[in-house]
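One-letter residues, chain by chain:
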Amino acid sequence: MNIAGDNNAFVGGVCESMGFFTWSVPDNILFGDAIFATLYELPEIDLRKGVSVEQILSKIVEHDRPAMAKRIHEAIVSGETTSSAYRIRLSDGVSRELVAFGRCNRDDTGVPSYFTGAVMDKSLPGVMFGDDALEAHCRSAHSLAKTTGNELAARYLSSALTLLSRR
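A short tour of the structure in this document, coming up.

Criteria and thresholds
- Residues numbered from 1 in each chain as written.
- Predicted model: local features only at pLDDT ≥ 70, side-chain atom pairs only at ≥ 80, totals over all residues.
- Heavy atoms only, no water.
- Core = buried A, V, L, I, M, F, W, Y, C linked by side-chain atoms within 4.5 Å.
- Buried < 20%, exposed > 50% of the residue type's maximum accessible area, 1.4 Å probe, protein only.
- Helix = DSSP H or I, 4+ residues; strand = E, 2+ residues; numbered from the N terminus.
- Phe/Tyr/Trp six-rings, centres within 6.5 Å; stacked < 30°, edge-to-face > 60°.

**A short note on the nonpolar core**
Turning to step 1, where the next piece is worked out: Residues Tyr40 and Tyr86 are the most contacted members of the largest nonpolar core, which totals 26 residues.
Turning to step 2, where the next piece is worked out: Sorting the residues of this core by element identifies strand 1 (19-24), helix 1 (34-40), helix 3 (53-57), helix 4 (65-78), strand 4 (82-89), strand 5 (95-106) and strand 6 (112-121) as the ones contributing at least two each.

This is the structure in structure tokens:
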């Protein structure tokens, strides 16, 4: 298999549903693509021009904000990659669970400059997130089996997830 020739091979087929963003930390302006705009229910034109990070954070469910703010702060300070699962409130009052990952890059003097990353809907088949890699893979496979109508595989994977939750 030639991964270089297959643009979807290394992202589990979710790249079409992944929204990308860049946050200029010193200017406190976040830019995003069309998928990011759709996920957050924001006008794409606004994200092309840039919006304040507070506008994005205000969409996060209040209960999830402190943990999210802590992860973002730690990523800015450390320069390490961070990942989070969190909920946002949509205009109809329903919440959507997202998964995001990113890293804060530094300029040539070591000052945090641009935080770049991606976000996707956690409910999509192929999206894996969690502390336990085996459980994350089983959840992803279970979701995919259900989506594609493979009921037997879905039952086996459901049993595996039940066993994993008991350990």
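**Observations regarding the packing of aromatic side chains**
Turning to step 1, where the next piece is worked out: Following the criterion strictly, the structure yields four aromatic pairs and no others.
Turning to step 2, where the next piece is worked out: Taking the centre distance of 5.8 Å and the plane angle of 50° together, the rings of phenylalanine 21 and phenylalanine 36 count as tilted. With phenylalanine 21 in strand 1 and phenylalanine 36 in helix 1, this pair connects stretches of sequence that are 15 residues apart.
Turning to step 3, where the next piece is worked out: Geometrically, the ring pair formed by phenylalanine 21 and phenylalanine 115 is stacked, given 6.3 Å between the ring centres and 15° between the ring planes. Of this pair, phenylalanine 21 sits in strand 1 while phenylalanine 115 sits in strand 6, and the two are 94 residues apart along the sequence.
Turning to step 4, where the next piece is worked out: Classification of phenylalanine 115 as buried rests on a relative accessible area of 5%.
Turning to step 5, where the next piece is worked out: Through a chain of ring-to-ring contacts, the aromatic side chains of Phe21, Trp23, Phe36, Tyr40 and Phe115 assemble into a single cluster.

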